[in-house]
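Now for the letters of each chain:
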Amino acid sequence: MNPELRTKIHESLSAVVPITVIVLALSIFVVPLDVGVVTMFFAGAVMLIVGMGMFQLGAEMAMTQLGEGIGVQLSKSKRTSIILAVSLFLGLLITIAEPDLQVLSNQVPAIPNHVLIITVGVGVGIFLAMAVARIVFKIDLSKLLIVLYLALIILTFFVPQDFLAVAFDSGGVTTGPITVPFIMAFGIGLSAIRSDKDATSDSFGLVAMSSVGPILAVLLLGLFFTPKDATFEQSLPTDINTMQDVFRAYTVDIPHYAAEVAISILPIVGVFAIFQLISHRYPGKQKLRVIIGFVYTYIGLVLFLCGVNVGFAPVGNLLGSTLASTSGKWMLVPIGMLIGYFIVKAEPAIQILNHQVQSITNGTVSAQAMNRALSIGVSVSVGLAMFRILSGIPIQAIVIPGYIIALVMSRFVPKIFVGIAFDSGGVASGPMTSTFLLPLCIGACEAIGGNVMTDAFGAVALVALTPLIAIQIMGIAYQIRLRKARKVAQGRIFLPEDSDDIILIEEVQA
């Protein structure tokens, strides 16, 4: 086996095992599940582990290389209009290819699928172009986000209540496994247009802007469409009696996901082919490596999506409905928080983001610290989502104060943490959220007789919200440590030799 692939699979194994153990424990002690359902879940976990490992390697070999290459090439252009036009086109193309968006569009029957997809795609394209303009013209990300989110908050008062949760969720699903590696690398490549001290910090923020665009676009769409009588098609466990049934259940669905991922990947492959013909950027061996990377990405995403949709989604729905039907339904909150803490680590795009952050910051912001902060943030998100289902409080009561807190914090943390935080919000709400946590919320909501459109939807939006605060708290902690390190470097206070802050002292002295 390829040593790089072995490493990636080992990483995905450590990410998926905790959530698998939690579900197994729940099936033994809290919610008795049929052996067939548990077997389907474990088969899905195996596909998840292998698929996520292959996807991460493929994204590094292909998506990241292509995004950064296009960004670098565009940075050499002297015509800003060309840079913005290409950015808008790429944002639209990649968003239409995002599998998570296809899933969401099927849940809003009052709006034709193509209308919702094109609306979200245009939103991402326009706001990706705005994000690029921000890098080129050195516009402060925090100030720009404050203006945009204020516009978003004002719009919520004019949009039908049943539409709000779907609009906020759309911002989360657009930044999925196809979009994130490409857009993040694109930002890194574009930052080459500048050589000032803030260039690295400004390479972050593209995912953040690309998450705001769909929310605003879909809120505007909500002024014309009202999703009445919208329903969610539940994923129910298949009757499983033998291992042959397990094999059949997956083999029946694999062709569907193979075709879906092919539709998602082919436009990106087309962009690579055109870019290579125009720029001749990649020599023979590197070109072959990118092509192999696309193959890894394709196979990995097919396995991943099949595993989570066939094995995880039905179990999530069943767990939610069963827990909500018992007298101890409030146990949904702590159980949801526990699941949220571990499930974010199984998001494929999260690992891509964390490693890129660690690389760009030269280890100052480690992947381990990012994982910890995001786990805490998503844990709180899922707890809030469950509380909202049980109490019936509107999504604005959480989302609006949450965004206000995040925006106020953005004025006091280092610039690089603002970009990382708002990027993390979009990345955290990936396929694991839409295919496990969302069915968990929907199952619970339907069991207690709630309104799925207003109470269950919105879970993705909450998962996208709390990382904004969690990562910025990490930035404030880093800032405090940095000040302490400066005092030590100046000989004003004493620090033990084994302290973690020694690395900061060396940076300060350098």
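Residues numbered from 1 in each chain as written. Predicted model: local features only at pLDDT ≥ 70, side-chain atom pairs only at ≥ 80, totals over all residues. Heavy atoms only, no water.

## Here we look at the environment of Met 386
Working step 1: For Met 386, the position within the fold is in helix 15 (residues 367-391).
Working step 2: On the accessibility criterion, Met 386 (0% relative accessible area) is buried.
Working step 3: Taking the C-alpha atoms as reference, Met 386 lies 6.3 Å from Leu 332; in sequence the two are 54 residues apart.
Working step 4: Beyond its immediate sequence surroundings of up to four residues, Met 386 is in contact with Leu 332, Val 333, Gly 336, Leu 440 and Cys 441. (Helix = DSSP H or I, 4+ residues; strand = E, 2+ residues; numbered from the N terminus. Buried < 20%, exposed > 50% of the residue type's maximum accessible area, 1.4 Å probe, protein only. Contact = heavy atoms within 4.5 Å.)

## Side note on the environment of Glu 4
Working step 1: Along the chain, Glu 4 turns up in helix 1 (residues 3-29).
Working step 2: The class of Glu 4 is partly exposed, set by a relative accessible area of 34%.
Working step 3: It is 9.5 Å that separates the C-alpha atoms of Glu 4 and Met 54, two residues lying 50 residues apart in sequence.
Working step 4: Discounting residues that sit within four places of it in the chain, Glu 4 has contacts with Leu 57 and Arg 289.
Working step 5: Side chain to side chain, Glu 4 and Arg 289 meet in a polar contact 3.4 Å long. (Polar contact = N/O pair within 3.5 Å; in protein donor to acceptor, adjacent residues only side chain to side chain.)

## Side note on the nonpolar core
Working step 1: In this structure, Leu 66 and Ile 339 are the most contacted members of the largest nonpolar core, which totals 167 residues.
Working step 2: In terms of residue count, the dominant contributor to this core is helix 2 (residues 35-75) (19 residues).
Working step 3: If we skip the residues at most four places from it in the chain, Ile 339 touches Ile 19, Ile 22, Leu 26, Phe 436, Leu 437 and Leu 440. (Core = buried A, V, L, I, M, F, W, Y, C linked by side-chain atoms within 4.5 Å.)

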